[in-house]
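So the chains spell out like this:
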Amino acid sequence: MVMFSAPGAGSSYVMEHLINWDSEDLDHDPMYRLLFPTLQMLSRRHQQQLLEARASEDPFALEAAVKDIRSDLNPQPAGQLTLNRPKSVELHGIQHKYAETCLLFPSAGQTCHAYCTYCFRWAQFIGDDDVRLAQKDSVAFLRYLGEHPELSDVLITGGDPFIMRVGLLKSYLGKFVDPSFLPHIRNLRFGTRTLTFWPQRFTSDQDAHELLDFLQQLVEVGGRSVDIMGFVPRQPSRKREVQLGIIPYYMFLARDTGAQDYFSVPLARAHQLYADAIRQSSGLARTARGPSMSCTPGKVEISGIEIVNGQKSFVMRFLQCRDPSWIGRVFFAKYDETAIWFDELEPLDGGSVLPWDSRGFLRPGTPEEVLATLAQ
Ligand code: SF4
């Protein structure tokens, strides 16, 4: 695969514990598939381009082909660099898309314990500073939080923030141990695979105890909520998940970047899979939202498939939105058995328009105005 410089691998824990190397059909081992790129993850055109460049035995031609293919794969989708990032150069590694949540990409946390073939943040790992989000300046980051009282959540992400030693982590978050420091920041979330890809980080790594102490202080002294936005491969039974306090959060659909064509599932099929899974779950585990598309206007859930005004329709709603007044709003689109992404959807015949325009941007106007606009 051309996304990453490494041929595909993971930490020794991932390699030894999460992949079933004895499987007769390794290609269908879920973790192998999620971590080891294959040529089939590229389109036929890109496969051919890559193979031709390789056959030329010219390293510069190969490098140029890889660069060209990467730029075709829509790095940093949904306006991550253009719409979500504050304009200041000293805030190169933060995003503020939704009113209450700020994303922090600490520069030393932009590597992972394994590189996932479906990752929508693959552009973080290709060594191109033009598309990489990385925040070095912790003072500017904290100043930004102070200037935005509407924020309540910080999501420290990457990459993987727990790649960093505790000292570095504290350079960004240490002040939150003081409850009087930016009290409007109540929730510190960590987007991380460490819990399952390198659990030693919390048990036997050199600074494991210091890390746990720090997280505990953030909670007990600083009064913050500390949340691990994790990933559980080879899921324990849902009953066991509930016992462990693991709360299913989102079912996400493959985003419009990288190997989307390879991993995508039609929206209709995804909804069926979600509905089947939720029916088999304990009520306590029915917390997952989805299937959800994280797209330019916000997070859009396929809530159902129903007949509306005599037409088979997708029922959708915004779980998150750049414009908070849209959150929770329900709207409809024409049912399409093959559509895999929001920009393929069409409004109902004779019905209201979709909340986004042809470029995927949220339409101007209040939700009421937009939804009341009838096709002429
Ligand atoms: S950011 Fe997350 S999904 Fe992407 S490669 Fe790293 S661990 Fe995998």
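Being a predicted model, the structure only gives us computed values, none of them experimental.

Visitor: When you look at the sheet that holds strand β2 (residues 101-104) in this model, what are you seeing that I'm missing?
Guide: What the five strands build is an open sheet, ordered β1-β2-β3-β4-β5; its pairing is mixed. Both outer strands of the open sheet, β1 (94-95) and β5 (225-229), are each paired with one neighbouring strand and no more. Of the pairings in the sheet, the one linking strand β4 (residues 187-191) to β5 comprises five bridges and is parallel in character. The residue of β5 that forms the bridge with Gly191 is Met229.

Visitor: Sorry, what's going on with helix α3 (residues 44-55) here?
Guide: Here α3 contains twelve residues, and its C-alpha end-to-end distance of 16 Å stays within 8% of the 16 Å for a straight helix at 1.5 Å per residue. All of the buried residues along α3 are His46, Gln47, Leu50 and Ala53. Considered in projection along α3, the buried side chains sweep an arc of 135 degrees and stay on one side of the axis. In α3, those exposed residues whose orientation departs by more than 90 degrees from the buried face are Arg44, Arg45 and Ala55. Where the residues of α3 are buried, they touch α4 (59-72). Looking one or two places after α3, you find Glu57, whose phi comes out positive at around 55 degrees.

Visitor: Explanation requested: the packing of aromatic side chains in the structure shown.
Guide: Here the distance between the centres and the angle between the planes together describe a pair of aromatic rings. Evaluated as defined, the whole model comprises 21 aromatic pairs. Measuring from ring centre to ring centre gives 6.5 Å for Phe141 and Tyr172, while their planes differ by 65 degrees; the resulting arrangement is edge-to-face. With Phe141 in helix α5 (residues 138-146) and Tyr172 in helix α6 (residues 166-173), this pair connects stretches of sequence that are 31 residues apart. For the pair shown, Phe141 and Tyr172 are each scored as buried. Members of the aromatic cluster, joined through ring pairs, are Phe318, Trp326, Phe331, Trp341, Phe342 and Trp356.

Visitor: Sorry if this is basic, but what is going on with α5 here?
Guide: For an α-helix, the turn length of 3.6 residues means that residues three or four places apart are oriented alike. Restricting attention to buried positions, one finds in α5 the residues Ser138, Ala140, Phe141, Leu142, Tyr144 and Leu145. Residues of α5 that are buried sit in contact with β1, β2, β3 (153-156) and α6. Two to three positions downstream of the cap, the backbone nitrogen of Val139 sits 3.0 Å from a side-chain oxygen, assigning the N-cap of α5 to Asp137.

Visitor: Is there a simple way to think about the site of the ligand in this case?
Guide: The environment of the ligand is formed by Cys112, Ala114, Tyr115, Cys116, Cys119, Phe125, Gly159 and Arg193. Split by residue class, the shell around the ligand holds six nonpolar, one polar and one charged.

Visitor: In this structure, what is going on with the pattern of salt bridges? I would like to understand it.
Guide: Pairing is possible between side chains that carry opposite charge, provided their charged atoms lie close to one another. Enumeration according to the criterion identifies twelve salt bridges in this entry. Between Lys334 and Asp349 there is a salt bridge, and its shortest N-O distance comes to 2.9 Å. One end of the pair, Lys334, is in strand β10 (residues 330-334); the other, Asp349, is in the loop between β10 and α12 (367-372), and 15 residues separate them in sequence. Given a relative accessible area of 26%, Lys334 falls into the partly exposed group. As a salt-bridge pair, Arg359 and Asp357 come within 2.9 Å of each other at their nearest N and O atoms. For Arg359, a relative accessible area of 58% corresponds to the exposed category. In this structure, a network of salt bridges that share partners links the residues Arg165, Arg201 and Asp207.

Visitor: Any chance you could explain the side chain of Asp205 here in plain terms?
Guide: With respect to the helices, strands and loops of the structure, Asp205 is situated in the loop between α7 (194-197) and α8 (208-220). Within the buried set, Asp205 has no salt-bridge partner at all; the shortest N-O distance to an opposite charge, 4.1 Å, is to Arg201. Contact partners of Asp205, with chain neighbours within four places excluded, come to Arg165, Trp198 and Gln200.

Visitor: Help me understand the domain arrangement of the chain, please; the structure alone is not making it clear to me.
Guide: The figure often quoted for interface size is the accessible area lost as the parts come together. Assigned domains within the chain: domain 1 (75-233) and domain 2 (252-372). Here the C-alpha centre of domain 2 lies 28 Å away from the C-alpha centre of domain 1. Contacts between the two partners involve 14 residues from domain 1 and, on the opposite side, 15 residues from domain 2. Summing both partners gives a buried area of about 1200 Å² for domain 1 against domain 2, and 55% of it is carried by carbon and sulfur.

Cut-offs and rules
- Residues numbered from 1 in each chain as written.
- Predicted model: local features only at pLDDT ≥ 70, side-chain atom pairs only at ≥ 80, totals over all residues.
- Heavy atoms only, no water.
- Pairing = 2+ DSSP bridges.
- Helix = DSSP H or I, 4+ residues; strand = E, 2+ residues; numbered from the N terminus.
- Expected span 1.5 Å × (residues − 1).
- Buried < 20%, exposed > 50% of the residue type's maximum accessible area, 1.4 Å probe, protein only.
- Arc of directions from axis to C-beta.
- Contact = heavy atoms within 4.5 Å.
- Phe/Tyr/Trp six-rings, centres within 6.5 Å; stacked < 30°, edge-to-face > 60°.
- Polar contact = N/O pair within 3.5 Å; in protein donor to acceptor, adjacent residues only side chain to side chain.
- Near = heavy atom within 4 Å.
- Nonpolar A, V, L, I, M, F, W, Y, C, P; charged D, E, K, R; others polar.
- Salt bridge = Lys/Arg side-chain N within 4 Å of Asp/Glu carboxyl O.
- Lys, Arg positive; Asp, Glu negative; His and termini not counted.
- Domains from an automatic or database assignment.
- Buried area = accessible area lost by both parts, 1.4 Å probe.

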